[in-house]
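# A look at the structure
Letter by letter, the chains look like this.
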Amino acid sequence: MSAPVAPFPQVDHQRAVFADGLALDCGMTIAPLAVAYRTYGTLNAARSNAVLVCHALTGDQYVAETQPLTGKPGWWETIIGPGKPLDTDRYFLICANVLGGCMGSTGPREEMTDAEGHGLGRPWGTDFPNITIRDMVRAQQRLVEHLGITRLLGVVGGSMGGMQVLEWAATFPDAVYAAAPIATAAYHSAQNIAFDEVGRAAIQSDPDWKGGRYWADGRVPAQGLSVARMVAHITYLSEQALTRKFGRRLRGASALTFLEDVFEVESYLRHQGSTFVRRFDANSYLTITRAMDYFDLSAEHNGDLAAAFRGTRTRFFVASFSSDWLFPTTESRAIVRALNAAAANVSFVEIESDKGHDAFLLEEPDFHRALGGFLAGCADRLGV
């Protein structure tokens, strides 16, 4: 990727736009606020069957349909659709691109506005304000309200999506009947922050980053963004998964050299990086990873995580995966202990899997049955 790479093309997204904007935790108000989203299934007459799906760091709103830039299937098509755990014959599913994202929601790639909401004819870039997971959730709440829904049947998400689920339950408890935080934590660990910083440093050290103004030259910091993706992708997998998929197999080479990519795992990571730069914005990557790093739900409640949920009537389903070292089971158990201390209704399952953090996105029948059963039980109780 030594040649300059042009930014990915503009795509028209389904959006809700709120002229009054959104007040952020950092003290700024960003206006107007645009939230790009997709829906699946049909909202019932009582508006009681809505389930919000929250995406992870590099996900987007195209959760169960072809992604318009890559042409690849939706990132959770394994569990969304008629008769699947997230049954579109029964539920009305909503998935929104997060605030700070690059698939149509207000973020660094969108046009910058002044205090009165007037466009300034250039992208926000690095002038985009610092945002939090709670800011993302508040933007989603505006969308849910716009759709005429006062209480969600459920909020579901994994990884950063799970952080949003926890924030939903803490910030809007009366608006969430059921919450399913998956493969996540109530705060980002020092190790996770460290990996994020390596990715950010890779982007910022790319000569094409140009202090975040790469958009002025019509290019992207492709090499740095690719390396950031490669580093992050390693954390999504387990050693067992990497060994099973690649081992030490060589790609058509008879001997090791320093001049070519000879290991299959090298080729795989480079492919992950090269495809990523054609669908994701570098400044969005910096913005969203910072939001994850800032997240600490217990700190928002004077160090008492249980206080975030005390008195809640929300039902919780917490799931982890045995080989996930990015968000290990110990983090999920800490959430469960806090929910128990808050006298919340909570169920917990650790799924045996060798697929690492990405297991929640992959074919894991035990997980699918558990999540589907939890949501179906909640729907039954509400008469949905």
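Here the structure is shown first, and the text comes after it.
Worth saying up front: this structure is predicted, and the values here are computed from it rather than measured.

In terms of burial, strand E4 (residues 33-40) is a largely internal element, six of the eight residues being buried. Note: strand E1 (residues 15-18) against E4, four bridges, orientation antiparallel. Paired with Val17 across the bridge in E4 is Ala34. Pairing between E4 and strand E8 (residues 92-96): four bridges, direction antiparallel. Residue pairing for E8: Tyr37 is matched across the bridge by Ala96.

Now for the packing of helix H1 (residues 133-146) against helix H2 (residues 160-171). Remark: H1 packs on H2, axes separated minimally by 9 Å, with the N-to-C direction vectors making an angle of 70 degrees. Put simply, H1 runs roughly perpendicular to H2. In contact with Ile133, Arg134, Met136, Val137, Gln140, Gln141 and Val144 of H1, H2 contributes Met160, Met163, Gln164, Glu167, Trp168 and Thr171. Its residues placed into classes, the contact of H1 with H2 shows seven nonpolar, four polar and two charged.

Okay, helix H6 (residues 264-276) next. Helix length check: H6 (13 residues) gives 19 Å between terminal C-alpha atoms against 18 Å at 1.5 Å per residue, within 8%. For H6, the full list of buried residues reads Tyr268, Leu269, Gln272, Gly273 and Phe276. Buried residues in H6, looked at end-on, bunch into an arc of 130 degrees, giving them a common side. For H6, the elements touching its buried residues are helix H4 (222-236), helix H5 (239-245) and helix H7 (282-294).

Here Asp358 lies in the loop between strand E14 (345-351) and helix H9 (365-382). In this structure, Asp358 is buried with no salt-bridge partner, the nearest side chain bearing the opposite charge being Arg229 at 6.6 Å. Non-local contacts of Asp358, meaning those with residues more than four positions away in its chain, are made with His233, Tyr236 and Leu237.

Bringing the packing of aromatic side chains into the picture now. Tallied over the entire structure, the rule returns twelve aromatic pairs. When the ring of Phe246 is compared with that of Tyr268, the centres are 4.8 Å apart and the planes differ by 40 degrees; the resulting orientation is tilted. Residue Phe246 is located in the loop between H5 and H6, and its partner Tyr268 is located in helix H6; the two are separated by 22 residues in the primary sequence. Among the aromatic residues, ring-to-ring pairing joins Trp75, Trp76 and Phe360 into one connected group.

Below, the discussion takes up the pattern of salt bridges. Applying the stated criterion to the full structure yields 19 salt bridges. Asp25 is the partner of Arg138 in a salt bridge, and the nearest nitrogen-oxygen pair spans 2.6 Å. Separated by 113 residues along the polypeptide, Arg138 in helix H1 and Asp25 in the loop between strand E2 (22-23) and strand E3 (29-30) bring together distant segments of the chain. Owing to a relative accessible area of 24%, Arg138 belongs among the partly exposed residues under this scheme. Under the relative-accessibility criterion, Asp25 is labelled partly exposed at 32%. The partner of Lys210 in a salt bridge is Asp217, and the shortest N-O contact between them spans 3.7 Å. For Lys210, a relative accessible area of 40% translates into the label partly exposed. By relative accessible area, Asp217 is classed as partly exposed at 45%. Via salt bridges that share partners, Asp25, Arg134, Asp135, Arg138 and Glu300 belong to a single interconnected network.

Rules behind the numbers
- Residues numbered from 1 in each chain as written.
- Predicted model: local features only at pLDDT ≥ 70, side-chain atom pairs only at ≥ 80, totals over all residues.
- Heavy atoms only, no water.
- Buried < 20%, exposed > 50% of the residue type's maximum accessible area, 1.4 Å probe, protein only.
- Helix = DSSP H or I, 4+ residues; strand = E, 2+ residues; numbered from the N terminus.
- Pairing = 2+ DSSP bridges.
- Axes fitted to C-alpha atoms, helices over the stretch in contact; angles between N-to-C directions.
- Parallel < 35°, antiparallel > 145°, perpendicular 65-115°, else oblique.
- Contact = heavy atoms within 4.5 Å.
- Nonpolar A, V, L, I, M, F, W, Y, C, P; charged D, E, K, R; others polar.
- Expected span 1.5 Å × (residues − 1).
- Arc of directions from axis to C-beta.
- Lys, Arg positive; Asp, Glu negative; His and termini not counted.
- Salt bridge = Lys/Arg side-chain N within 4 Å of Asp/Glu carboxyl O.
- Phe/Tyr/Trp six-rings, centres within 6.5 Å; stacked < 30°, edge-to-face > 60°.

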